[in-house]
Amino acid sequence: KNNKFEFYEPNEPITKLIELIGTKKNLLYILSAANGIGKTTALVNLIRAFIFGPDNKFFKFPLFKEWPYPKRIRFVSEPSQIEEGGAFPTEVAIWWPRGRYTVFKDSKHYVKRYQANDWVLEVMTYEQDPKQHEGANLGAVFFNEPPPENLWTPNISRLRAGGIAVVGMTPLTEAGWFFDRIVPR
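Residues numbered from 1 in each chain as written. Predicted model: local features only at pLDDT ≥ 70, side-chain atom pairs only at ≥ 80, totals over all residues. Heavy atoms only, no water.

**Some remarks on the pattern of salt bridges**
All told, the structure shown has five salt bridges when counted by the stated rule. Linking Asp 55 and Arg 48 is a salt bridge whose minimum nitrogen-to-oxygen distance equals 3.1 Å. Between Lys 71 and Asp 118 there is a salt bridge, with its nearest N and O atoms 3.4 Å apart. In this pair, Lys 71 is assigned in the loop between α3 (62-65) and β2 (72-77) and Asp 118 in the loop between β4 (113-116) and β5 (119-125), connecting sequence segments 47 residues apart. A relative accessible area of 33% means that Lys 71 is categorised as partly exposed. Classification of Asp 118 as exposed rests on a relative accessible area of 52%. Through salt bridges that share partners, Arg 72, Arg 74 and Glu 122 make up one connected network. (Salt bridge = Lys/Arg side-chain N within 4 Å of Asp/Glu carboxyl O. Helix = DSSP H or I, 4+ residues; strand = E, 2+ residues; numbered from the N terminus. Buried < 20%, exposed > 50% of the residue type's maximum accessible area, 1.4 Å probe, protein only.)

**Describing the packing of helix α1 (residues 12-22) against helix α2 (residues 39-52)**
Helix-helix packing is described using two parameters, namely the angle between the two axes and the distance between the axes. At a minimum axis distance of 11 Å, the contact between α1 and α2 shows a crossing angle of 30 degrees. Relative to α2, the element α1 lies roughly parallel. Judged by the twist between their axes, the crossing of α1 over α2 is right-handed. Facing Ile 14, Leu 17, Ile 18 and Ile 21 of α1, the residues of α2 in contact are Ala 42, Leu 46 and Phe 50. Across the contact of α1 with α2, the residue classes break down as seven nonpolar, no polar and no charged. (Axes fitted to C-alpha atoms, helices over the stretch in contact; angles between N-to-C directions. Parallel < 35°, antiparallel > 145°, perpendicular 65-115°, else oblique. Left-handed = near helix turned anticlockwise from the far one by under 90°. Contact = heavy atoms within 4.5 Å. Nonpolar A, V, L, I, M, F, W, Y, C, P; charged D, E, K, R; others polar.)

**Some words on the packing of α2 against helix α5 (residues 87-95)**
Contact geometry for α2 and α5: axes closest at 9 Å, N-to-C directions at 50 degrees. In terms of orientation, α2 and α5 fall into the oblique class. Taken as a pair, α2 and α5 cross one another with a handedness that is right-handed. Contacts between α2 and α5 involve Thr 40, Thr 41, Val 44, Asn 45, Ile 47 and Arg 48 from the former and Ala 87, Phe 88, Glu 91, Val 92 and Trp 95 from the latter. Of the residues in the contact of α2 with α5, the class split is six nonpolar, three polar and two charged.

**Quick notes on the packing of aromatic side chains**
Using the criterion set out here, one finds 16 aromatic pairs in the structure. Between Tyr 8 and Trp 95 the ring centres are 5.2 Å apart and the planes differ by 70 degrees, which places this aromatic pair in the edge-to-face class. Remark: Trp 95 occurs in helix α5 and Tyr 8 occurs in the segment before α1; sequence separation between them is 87 residues. Trp 95 gets classed as buried once you look at its relative accessible area, which sits at 10%. Between Phe 59 and Phe 64, the ring centres sit 5.2 Å apart and the planes meet at 80 degrees, which makes this aromatic pair edge-to-face. The burial state of Phe 59 is the same as that of Phe 64; both residues are buried. These aromatic residues form a ring-pair network of at least three members: Phe 5, Tyr 8, Phe 50, Phe 59, Phe 64, Trp 67, Tyr 69, Trp 95 and Trp 119. (Phe/Tyr/Trp six-rings, centres within 6.5 Å; stacked < 30°, edge-to-face > 60°.)

**Looking at the sheet that holds strand β6 (residues 140-144)**
With respect to topology, seven strands assemble into an open sheet ordered β1-β7-β6-β2-β5-β4-β3, the strand pairing being mixed. Each edge of the sheet is formed by a strand with only one pairing partner; in this case those strands are β1 (28-32) and β3 (102-104). Neighbour-to-neighbour, the strand axes of the sheet open up by a mean angle of 15 degrees, direction not taken into account. The pairing of β1 with strand β7 (residues 164-169) spans five bridges and is parallel. From the neighbouring strand, Leu 28 faces β7, where its bridge partner is Ala 165. Sheet contacts for α1: β1 and β7; angle to β1, the most-contacted strand, approximately 175 degrees. Of the strands in this sheet, β1, β2, β4, β5, β6 and β7 touch α2, which is tilted by about 165 degrees from β6. (Pairing = 2+ DSSP bridges.)

Everything listed is a geometric property; what it means functionally is a separate question.
Structure, rendered in structure tokens:
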């Protein structure tokens, strides 16, 4: 059955983030923490709870039970994190239920899209042209580290039908624009 997710126990900051997201307090959620704290695992499990249901005591909140937004999620990251053997696909393989989703690579060197039931998770990189980040309405955008400034608006504007944005980040100097323009809001 591969339901390791049932036994996932997030640390205290991630538990608070799950509660905030699950009770839909905001549009934007930021998980700012040091490397090795479990940010990518948390992002993968948040997405997993939306797509496959909250069968974990830490995810028993309204938004995980009744998703009111488009069932299309985008995960955006540095290429190294999404390539085969990278942190994102490795965590998906660990935490998502085997046999309940399909992967599509198309012509990419990484899984470009995951599909399960009526859900779509598209995977994009920070190296892709901003025009490629436009398109369909999304219900959620997950950023693994803040994106380059020119990719923020094309992704956030995809939430025009309602939704959430989650940024998992290690606070380093690369995110200066993010701290100046987004965090103060």
